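# Secondary and tertiary structure notes
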Amino acid sequence: EADIYQTPRYLVIGTGKKITLECSQTMGHDKMYWYQQDPGMELHLIHYSYGVNSTEKGDLSSESTVSRIRTEHFPLTLESARPSHTSQYLCASSIWTDFYNEQFFGPGTRLTVL
Amino acid sequence: AQTVTQSQPEMSVQEAETVTLSCTYDTSENNYYLFWYKQPPSRQMILVIRQEAYKQQNATENRFSVNFQKAAKSFSLKISDSQLGDTAMYFCAFMKHAAYGGATNKLIFGTGTLLAVQP
């Protein structure tokens, strides 16, 4: 399995709390991604980064924010969690291979907001 | 915009038998990549197989092979000699071809097919 880690794996939290989902990779990949996955649904890209100090919003609008201060670290933050944020969040990183970026996925964080 | 459709939410197969998962996609691009990803229960998503649109030959990886029909925009996955460890959610995904430093190489996913391999 790829060397990409997410913590926590599971999080149950009350409405209004600030949370940060951690994602780290040890492969030196320059590109990193956050996907949101609802049960029985496809993954939707919510944030991506080309490298340090580079972040962009993805296709699915999200109230979360991200930062990329170090190559290996790409945390996602929700300032005030709401039940609508309940979902699984998958982090990925990629390396350039043959004109595409093969993406490696972390194990995911399953977030439940009560 | 690209879309990926997986019309089989769930499938079941007996151990050692063969199963085919369907995927169709829509795009106006001529050069792109297609992928099948496997997401086992509570485990990381991993790449199973990829196909480059400009290659006519169907990709194969051990027991996994694809039937790529570019004109029909169809990309099915065949799993031969199914094993219990194949039980997982399988996602079909699309990515545009891009020169280095170009587009984000975003993956567009289908809704997935939950495959259960029965003993």
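Residues numbered from 1 in each chain as written. Chains lettered and ligands numbered in written order. Predicted model: local features only at pLDDT ≥ 70, side-chain atom pairs only at ≥ 80, totals over all residues. Heavy atoms only, no water.

In terms of helices and strands, chain B carries zero helices and 12 strands. Each helix (α) and strand (β) of chain B, taken in turn from the N terminus, gives the series β-β-β-β-β-β-β-β-β-β-β-β. Here chain B has a C-alpha radius of gyration of 14 Å; the compact-globule value for 119 residues is 14 Å, and the two agree. Its C-alpha atoms give chain B principal-axis dimensions of about 45 × 30 × 25 Å. Counting every position in chain B, which comprises 119 residues, the buried fraction comes to 46%. Contacts in chain B between residues at least 24 apart in sequence constitute 57% of all its contacts with a sequence separation of at least 6. Only carbon and sulfur atoms are counted for the fraction: they give 46% of the accessible area of chain B, which is about 5,700 Å². When the 10 basic and 9 acidic side-chain charges of chain B are each reduced to a single mean position, those positions are 9 Å apart. (Helix = DSSP H or I, 4+ residues; strand = E, 2+ residues; numbered from the N terminus. Rg over C-alpha atoms; globule rule 2.2 N^0.38 Å. Buried < 20%, exposed > 50% of the residue type's maximum accessible area, 1.4 Å probe, protein only. Contact = heavy atoms within 4.5 Å. Areas by Shrake-Rupley, 256 points an atom, 1.4 Å probe, with all protein chains shown as cover. Lys, Arg positive; Asp, Glu negative; His and termini not counted. Charge placed at Lys NZ, Arg CZ, Asp CG, Glu CD.)

Residues and elements named next belong to chain A. Mapped onto the elements, Lys 18 comes out in the loop between β2 (10-13) and β3 (19-25). Residue Lys 18 is classed as exposed on the basis of its relative accessible area of 54%. For the pair formed by Lys 18 and Thr 65, sequence separation is 47 residues and the distance between their alpha carbons is 12 Å. In contact with Lys 18, not counting residues within four places along its chain, are Thr 77, Leu 78 and Glu 79.

Attention now moves to the state of the cysteines. Counted under the stated rule, the structure contains two disulfides over all chains. The disulfide that involves Cys 23 of chain A links it to Cys 91 of chain A, with 1.9 Å between the sulfurs. Here Cys 23 of chain A and Cys 91 of chain A share a disulfide; its torsion about the S-S bond, -75°, makes the bridge left-handed. Residue Cys 23 of chain A is located in strand β3, and its partner Cys 91 of chain A is located in strand β9 (residues 87-97); the two are separated by 68 residues in the primary sequence. Classification of Cys 23 of chain A by relative accessible area gives buried; the value is 0%. Given a relative accessible area of 0%, Cys 91 of chain A falls into the buried group. Across a sulfur-sulfur distance of 2.0 Å, Cys 23 of chain B and Cys 92 of chain B are joined as a disulfide pair. (Disulfide = S-S within 2.5 Å.)

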